[in-house]
Amino acid sequence: MAPPRPKLRVRDVEIGHRSGRKGTYALAVDGLSFDVAPNEFIAVVGPSGCGKTTFLTAVAGLIPISGGTLELDDHRIDGPGRDRSLVFQQASLFPWRNVVQNIEFGLKAHGRLDAAGRARVAELVELVGLGGKGDKYPRELSGGMSQRVNLARALATDPELILLDEPFAALDAQTREVMQEELTRIWQADGVKAGKTAMFITHDVPEAVFLADRVLVLSRGPAHLVADIHVDLPRPRTPAMKRTPEFLAMSDRIVDLVMAQSQIGKQAQPGRRVTSDDHAGVAAG
Ligand SMILES: Nc1ncnc2c1ncn2[C@@H]1O[C@H](COP(=O)(O)OP(=O)(O)OP(=O)(O)O)[C@@H](O)[C@H]1O
């Protein structure tokens, strides 16, 4: 049987930035290749400054790629689109809109705030655990609550691909743990059911393992793929799994890979390249 058509196809992608007064061009991503299957939850980790956000921003269509192929559902990504939603570290809610109005915003902007749209928003308010708080304003919400609104807003427009850039990084450790569990619950209740696909950037390796179906490890910048690790933990994921030997071994292994990439800078060695087919290269377990 033919493999399913990838949701996202990334082939030899190259992305650069110009900076400084002379507009010096430097590559942030160079030769990045992998596929994401429909319905997969992918986590992306790598050394600080390796190019993770640059790549996510290009998938969002906010910056162009300078080489390779970036396709969503077989269509070249050449700008932002309704088929993608972004969730950033800061919730960036409209302070003058309440919870419901913030979640409605995307639907309203797309002219889709009809009875079905309102019902969907009401469903999401409950799903993200904000039942009874729909009329609260952002100033009345904690950081965790604000990120719940942000997640609901990203889900409301039913995008094909949800892009999350360290959405829990600004939260305290305890709230972060709660939000990781909440995201798996929300994902299982909503994202998986609706066949959505997610790409989640994080510095926190246990967070990546807990949430994802696959963890991609990027090299130090300019980023390419060094490992593509299948997370063979059953769903639903539970906090108790974080204490299992399998979970700890996989987290340690990924931390070692990221650390090795961080060290490479100091030793001036290139990272080993793998292709998206090299799943077995660093298989789980
Ligand atoms: N707008 C920009 N203009 C110029 N250079 C940029 C720009 N954005 C990022 N860079 C550079 O591109 C490289 C990759 O940055 P990027 O933010 O994508 O990395 P990252 O892996 O997300 O970092 P971190 O892990 O610290 O969040 C860095 O060298 C950074 O300085």
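Located above this text is the structure these notes cover.
Since we're looking at a predicted model, the values are computed, not measured.

Draft legend 1. Representation of helix 1 (residues 52–59). Helix 1 sits mainly inside the fold: six of its eight residues count as buried. Among all positions of helix 1, only Lys52, Thr54, Phe55, Leu56, Ala58 and Val59 are buried. Positioned one or two residues after helix 1, Gly61 has a phi angle of 85°, which is positive.

Draft legend 2. Structural context of the pattern of salt bridges. Under the counting rule described, the total for this entry stands at 21 salt bridges. A salt bridge links Glu40 to Arg214, with the nearest nitrogen and oxygen atoms 2.8 Å apart. On the criterion of sequence distance, the pair formed by Glu40 in the loop between strand 2 (24–36) and strand 3 (41–45) and Arg214 in strand 9 (residues 214–218) is long-range, its members being 174 residues apart. Taken as a pair, Glu40 and Arg214 share a single burial class, namely buried.

Draft legend 3. Here's a closer look at the packing of aromatic side chains. The full count for this structure, using the stated rule, is six aromatic pairs. Note on Phe34 and Phe55: the rings are 5.7 Å apart at their centroids and 65° apart in plane angle, and the pair reads as edge-to-face. Here Phe34 is found in strand 2, whereas its partner Phe55 is found in helix 1, with 21 residues between them in sequence. No difference in accessibility class separates Phe34 from Phe55, as the two residues are buried. One aromatic cluster in this structure is built from Phe41, Phe168, Trp187 and Phe200. Positioned above the aromatic ring of Phe94, the side-chain terminus of Arg97 is 5.0 Å from the ring centre.

Draft legend 4. Structural view of the site of the ligand. The local shell around the ligand holds 14 residues, among which Ser48, Lys52, Thr53, Thr54 and His203 are the closest. Ser48 has a polar side-chain atom sitting 2.9 Å from an oxygen atom of the ligand. Between an oxygen atom of the ligand and a main-chain N or O atom of Thr53, the distance comes to 2.8 Å. If the ligand stood free it would expose 630 Å²; the protein chains cover 57% of that surface. Residue assignment for the shell around the ligand shows that the elements contributing at least two residues are strand 1 (8–19) and helix 1. Of the residues that constitute the shell around the ligand, the class distribution is three nonpolar, eight polar and three charged.

Cut-offs and rules
- Residues numbered from 1 in each chain as written.
- Predicted model: local features only at pLDDT ≥ 70, side-chain atom pairs only at ≥ 80, totals over all residues.
- Heavy atoms only, no water.
- Buried < 20%, exposed > 50% of the residue type's maximum accessible area, 1.4 Å probe, protein only.
- Helix = DSSP H or I, 4+ residues; strand = E, 2+ residues; numbered from the N terminus.
- Salt bridge = Lys/Arg side-chain N within 4 Å of Asp/Glu carboxyl O.
- Phe/Tyr/Trp six-rings, centres within 6.5 Å; stacked < 30°, edge-to-face > 60°.
- Lys NZ or Arg CZ within 6 Å of the ring centre and 35° of its normal.
- Near = heavy atom within 4 Å.
- Polar contact = N/O pair within 3.5 Å; in protein donor to acceptor, adjacent residues only side chain to side chain.
- Areas by Shrake-Rupley, 256 points an atom, 1.4 Å probe, with all protein chains shown as cover.
- Nonpolar A, V, L, I, M, F, W, Y, C, P; charged D, E, K, R; others polar.

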